[in-house]
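Commentary on secondary and tertiary structure
Residue-level listing of the chains:
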Amino acid sequence: MTLPSRFQKEVHAHLSRNSQQTGPSMNLNESYGSGKGKPYNPQQVQGRIREILGKYSNGFWVSKLPQIYRDLYKQDLPTEAIKDLETWTHICTVEKTCSSNPSELLLYPAKEQRTTPSPSPIPNSTTAQTSNTSKDKPLQSPAQQRPPSANSGSQSPQSPPSSSPSPSPPSSPATLSPDLRQKLEELLMKYSNGLWAHALPKLFQETYKTKLPGHVLGNLDLLSDICTIDYPMPDNPKRAILYRRSSIESREDENCNKRNSLTSEEDLRVRKELGRRLSNQAVPPLQIPKEEYPSVLVVEATNTNGVILRYIGEDYSQAQESMEDEMREFYGLNQSSPAPLSSPSSGQLVAVRAEEEEEILRAQICEVMTDKIKVYYVDHGFTEVVSKTKVFELHEKFFKLPFQATKCKLAGLEPFCQEPTVLKKFETMASGKILLAEILQRAETPLVVLYDTSQDDDVNINAACMKALQDKTLASTLQVNSAYMNVTVSSVCSDGTIYCQLPSRGLVKMSEILKNIETYFYSQVTSEFLVSTPFCGKGCLARYKGKWSRVEITNLHGSRVLDILFIDVGVQASVEVFELREIPLPFLRDLVAIPPQAVKCCLADLAVSVGSWTPDAVQWLREKVLNTTDCSMKVAKVDEVKHCTYIHLFTDKNFHDPVHSLNHQMAQSDLLKQQPDVFLTSHSPTKISTNASPSKTSSTSESTNGSPTSASVPAKPHPKRPLSGPKGGGGGSATTSPPESPPSPSSSLQLPPLLELPPLGNNIDVYVSVACHPGHFVLQPWKDMYKLVVLMGEMILYYNKTEEKPLNIEKNQIYAAKVENNWHRVLVKGVLTNGLVSVYELDYGKHELVSCSQLRPLIKEFRQLPFQGITAQLAGVKPRQWSEEASIVFRNHVEKKPLVAQLETVQEAANPWDRKLTVFLVDTSQEERDIWVHDIMAEFADEQSNEL
């Protein structure tokens, strides 16, 4: 464990207690013995070591290699590879030191690769520190700095076995050609959050109209100098993710929410420069709020690329109000108030008495006239002409708060930023209102999506403004009692909703434009049409039945998987982001003007409502109407609120006789008759919270328990210093015996490997997904959370494409279940008589009720990752019946937070979900001190006892 010098004295005593596990003279082969004797791919490991040595060209201790390797690639370095280092003279040079300790070896780039004189045989402590932690990476927590001991009994993920992509044959090029390299870099630049390797051939073919050389996928190490290769599913090396080189240090494999990251140095520089331009006095730049969904007050917009707004919150609007109260008192109407400014100049910061005579506001002089001055209110975002007698010199104490009026850019509206129709719609829907801003890109002018959460359903302002461009004359006009022929039923949903295409000018025009786009894409060789910044409500293109079709993004699952709606056929799908394309600019305006051509319909006069259809009824209707070009329909009712049209549907032109309708046929059959104990539900979209710290919108779907889903991973806990021992009692014992209970039936099924834990007494970075009270909460190990993100994305892609089939659901069996917009690995706790199933989310620790129709078999591919949720209780406090007040205090301190857990005991069990830990929890987010949660709870319990 290498630390900056200022920490070494402080941590010496702590390390000495664990010397048997973490001592510097530990035998490497024992420390990383979990990989002993396992096959591995030498070419892959050699490529990665070459990459590491390129980063640490001055050399480092061999003992640090496994940790660096694990940090970069999220896999353990195979033990056999450590033994083979000395034979890889073309990759590296291993040098022995004067010490008698055989593990004290130094690793350098191969001699022929060195471009600088060799360093001294023994690097000083500074060099060693640099080798272990890059200057751009924060200090690692103790849980990550300590390697697992050989007797821990845990199983570490291995590097891909010999079944991984085979080494390139001798005839394959050893390097990439400059042209191929440039094209691959261009593709990876579009996907800063990573790109699946399996997507490369199709993407390369469509973008550059030429095949990707086969040897590239066969030997991914050829890409190691332009990207980092990650294997989140070690059992399936074909599912590698490629990250472009410039994003390696910042990505942490999605373990940190990129939009919540701290402002970059470049952003700070830009904002400081902006502050200098705004005033000749020093005012700190305005920082973008760290939360992903800050509340904002929209001031005005004469251009959607420069919408003026103010952030709402403690450090923003509240700080401004406090300052203006102080200014009102300082510039009061009493005799001691400052005199008006004698010689105002353009660009000068001043205090201005507003027309109401009561408010004193900060402003900047725009223009000096004869007896008037034109000023811009820097905290409110508007301009006004005032009398010179109302302008005062701004006291220096009012320079501390950043200017509160700032600008943002509305995502997706850039080509129509000054369109009168768009600006009028925006004025109606947003101006003067408090909205939520989803920050997509943090820059001098942030790229955002605005949401109005004041109604029952959240309104995407960006999407609504885009829809204002639609030409209503290009849509089908539906009137009650009117009949329509040549109707195409494009989709029948599982809840009974039908989407129909009616003949219209818009349908003809859209078909013509899409044909031209096909030709255009075929003739263009460019990557500019790849979608690099997806967001909810964005319109783009995706393949439907082999042709490009219009889609709207409806939900995001992480950075690579998303849900879309084909708006002209009414079909929903889940796809990977590389399957989307931007609408080419020459066709954009004409295509946006065409309203969606799929009309949402329901069959009228049926006793069963939408959402309660049986699978047999849905299948019967699909067989009747899909792929039929001669349907007709008669409108019974138009529901403007639900945007749905109730119809009688016919498979011929005989729409005069209701007896011939499909409605009548279904009503006379047994298709819609449910069993008495079955009740199916349909979920409404996730609602965005209206408070200042909102939950995720549907674009970053969050489960009802608030635990992170595949769309979001919490920031990693980074202690500012090594943790000292717990200050309270509760000393732990060795692992206890499992409870005496019969194994559940699921024990006979193939279960994932057991979640790896550090030795007792060691630390582990965790995220608390659920907290009931100190005696029961659920932890997730932080280091593998990105693997859970990948797994849930894979489950979405798989299960959203599979049809519902009858399933015999049994208690204590493992399934995949759809909860809200995500698929979870669940354990069935009970099958209820009303068609609902009680399930336990094995990765998040939350109990849910879901419809039996939302369960699917959990296939083998999704059983490889250990279940990520593990129950725990707090060490250092006496077991008791915790009051509701105590539970609330505990929950506020730990739930949905990244913490450091010190492992005290492990209570093993027959099933992974019955395993229980006893841990100390430590909040390391504060700079000066660590907060031990058991101290807080013990103090709270003592106070309650005293009150009683």
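Bear in mind the structure is a predicted one, so any value in this text is a computation, not a measurement.

So, on to the sheet that holds strand β5 (residues 227–230). Taken in spatial order, the 3 strands line up as β4-β6-β5 in an open sheet, and their pairing is antiparallel. Looking at strand neighbours, the two that pair on one side only are β4 (195–196) and β5, the edges of this open sheet. Bridge count for β5 against strand β6 (residues 241–244) is 4 bridges, and the pairing is antiparallel. Counterpart to Thr228 in the pairing with β6 is Tyr243.

Right, let's talk about the packing of aromatic side chains for a bit. In this structure the tally under the stated criterion is 20 aromatic pairs. Centre to centre, the rings of Phe867 and Trp913 are 6.3 Å apart; their planes meet at 55°, and the pair counts as tilted. Within this pair, whereas Phe867 is found in the loop between β33 (855–857) and β34 (870–874), its partner Trp913 is found in the loop between β35 (898–907) and β36 (916–923), the two being separated by 46 residues in sequence. Trp913 matches Phe867 in its accessibility class, with the two residues each being buried. Ring centres of Phe920 and Trp932 lie 6.1 Å apart, and the angle between their planes is 75°; on these two criteria the pair is classed as edge-to-face. Here Phe920 is found in strand β36, whereas its partner Trp932 is found in strand β37 (residues 931–932), with 12 residues between them in sequence. This pair shows no difference in class: Phe920 is buried, exactly as Trp932 is. Three or more aromatic residues joined by ring pairs form one cluster here, namely Tyr520, Phe521, Phe529, Trp548 and Phe587.

Right, let's talk about helix α18 (residues 585–592) for a bit. Those residues of α18 that sit buried are Phe587, Leu588, Leu591 and Val592. With its buried residues spanning 125° around the axis, α18 presents them on a single face. In the core, the buried residues of α18 are packed alongside α16 (461–467), α17 (505–523), β20 (539–544) and β21 (547–557).

Turning our attention to the state of the cysteines. Inspection of the entire model under this criterion finds 0 disulfides. With no disulfide partner, Cys601 has as its closest neighbouring cysteine sulfur the one in Cys500, 4.0 Å distant.

With that settled, the discussion passes to the confidence of the model for the protein chain. Model confidence for the protein chain is summarised by a mean pLDDT of 78, while 75% of its residues fall at 70 or above. Segment residues 247–265: pLDDT under 50, and 63 contacts once partners within four positions in sequence are set aside and those in other chains are kept. Taken as a whole, residues 270–280 scores under 50 in pLDDT and shows 18 contacts with residues more than four places along the chain or in a different chain.

One non-glycine residue, Lys545, lies in the positive phi region at around 55°. Among the secondary structure elements, Lys545 is positioned in the loop between β20 and β21. Of note in the backbone geometry, Asn627 takes a positive phi value of approximately 65° without being a glycine. Here Asn627 lies in the loop between α19 (615–625) and β25 (631–639). What makes Asn627 exposed here is its relative accessible area of 75%.

So, how was this worked out
Residues numbered from 1 in each chain as written. Predicted model: local features only at pLDDT ≥ 70, side-chain atom pairs only at ≥ 80, totals over all residues. Heavy atoms only, no water. Pairing = 2+ DSSP bridges. Helix = DSSP H or I, 4+ residues; strand = E, 2+ residues; numbered from the N terminus. Phe/Tyr/Trp six-rings, centres within 6.5 Å; stacked < 30°, edge-to-face > 60°. Buried < 20%, exposed > 50% of the residue type's maximum accessible area, 1.4 Å probe, protein only. Arc of directions from axis to C-beta. Contact = heavy atoms within 4.5 Å. Disulfide = S-S within 2.5 Å. pLDDT = per-residue confidence, 0-100.

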